Amino acid sequence: MFDEAPTAQNALMQDAAFAQALRLCGGEPVHLPGGLMVLRRRILGVPLAMLPRAAPPLDLNDQLRAAGLHRIPLILSPDRPCPLPRSLRLRNPVTLAVVDLTAPHHARRARLHQKWRNQLRRAENTEMTITRAPLPPDPATCVLRLEDRQSRLRGYANWPAPLTAAFASVAPDQTNLFRAAYQGRRLGHMLFLSHGDHVSYHLGHSNAEGRQLGAHNLLLWRAMDHFAKAGFTVLELGVLSEKTPGLNRFKLRAGAQRITTGGTHLCFRPLAKG
């Protein structure tokens, strides 16, 4: 079915902590014999299997058969473009903003856009303080309440608060909440989730004073520095959307590169043997 050998799997949605968090929330992820995780859902009563953010291996059909999933519609979302014969494309590839953390500190600083670097320098010259801690494993914590309200106001989708809290419960060391404060007043925060040697930006918020002082510039820079020193190699800053040109500019000026995913595809073989 597939013409390309698998690539390394290092996506957040293939991480063991994500599977454990799903189970805490009532999900039923299935680990295939080769190690990949498949999600199971029902949409309008129809059972579906989903393979998120992973390159399908050559023997995927055999692995699905071993798990009893070979006759269920399968939605594939490869991490990178790859050949997917006999599949129907449901969604075009998206572009991600990704930061290489392997370069030395001075090289990463030099990659910053001049305007972004100037904003960072001004933020560094304030008395702003940055702290880092695990995310409290509580769906009602202020960080998750703010995210729920912000996502509804701006019309974007993120993980439900209980799922993020469940991730923090099963893997507290994989959550990194960076907060910015000035003279005792909170200005904003950024939450990152680690998986393998990668880190993903998960959510963030800044108030008016934080935006004026460049809190998110300093938060992101300190986070990049921390993760680089800790040995992580890649920081994913999320999708570059046509609906958010200002956010796209912020990510790219922070030294991010554009990486294209493989899109979303449907594979269905109802007459498969076995």
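A few points on the structure. These figures come from a predicted structure and were not determined experimentally. (Residues numbered from 1 in each chain as written. Predicted model: local features only at pLDDT ≥ 70, side-chain atom pairs only at ≥ 80, totals over all residues. Heavy atoms only, no water.)

Evaluated as defined, the whole model comprises 10 salt bridges. The residue Arg-53 makes a salt bridge to Glu-236 at a minimum N-O spacing of 3.3 Å. With Arg-53 in the loop between strand S3 (46-52) and helix H2 (60-66) and Glu-236 in strand S11 (residues 234-239), this pair connects stretches of sequence that are 183 residues apart. Here Arg-53 matches Glu-236 in class, with each residue buried. Of the charged contacts, one joins Arg-185 and Glu-209 as a salt bridge, the two residues approaching to 2.6 Å between their closest N and O atoms. Residue Arg-185 is located in strand S9 (residues 185-195), and its partner Glu-209 is located in helix H7 (residues 208-213); the two are separated by 24 residues in the primary sequence. Classification of Arg-185 as partly exposed rests on a relative accessible area of 37%. Overall, the relative accessible area of 25% leaves Glu-209 in the partly exposed class. Because the salt bridges share partners, they merge into one network encompassing Arg-53, Asp-79, Arg-80 and Glu-236. (Salt bridge = Lys/Arg side-chain N within 4 Å of Asp/Glu carboxyl O. Helix = DSSP H or I, 4+ residues; strand = E, 2+ residues; numbered from the N terminus. Buried < 20%, exposed > 50% of the residue type's maximum accessible area, 1.4 Å probe, protein only.)

Turning next to helix H9 (residues 245-253). Restricting attention to buried positions, one finds in H9 the residues Asn-248, Phe-250 and Lys-251. Looking straight down H9, one finds its buried side chains confined to an arc of 160 degrees; they lie on one side. Where H9 is buried, its residues contact strand S6 (95-100), helix H4 (114-124), S9, helix H8 (215-229) and S11. Trailing H9 by a residue or two, Gly-255 shows a phi angle of about 100 degrees, which is positive. (Arc of directions from axis to C-beta. Contact = heavy atoms within 4.5 Å.)

Turning next to the environment of Leu-112. Secondary-structure assignment places Leu-112 in the loop between helix H3 (105-111) and H4. Taking C-alpha positions, Leu-112 is 5.7 Å from Arg-253, a pair spaced 141 residues apart along the chain. Leave out the neighbours within four places in its chain, and Leu-112 touches Arg-117, Leu-120, Trp-221, Arg-253, Ala-254 and Gly-255.

Two strands pair when backbone bridges link them, and strand S1 (residues 30-31) and strand S2 (residues 37-43) are joined in this way by 2 bridges, in the antiparallel orientation. Pairing of Val-30 across the sheet is with Val-38, part of S2. Hairpin remark: S1 followed by S2, antiparallel, with 5 residues in the connecting loop; positive phi at Gly-35, about 105 degrees. Inspection of the sheet shows S2 paired to S3 by 5 bridges, in the antiparallel sense. Bridge pairing links Ile-43 to Val-46 in S3. Here S2 folds back onto S3 in antiparallel fashion, the turn holding 2 residues, of which Leu-44 has a positive phi close to 55 degrees. (Pairing = 2+ DSSP bridges.)

Any link to function would need more than the numbers given here.
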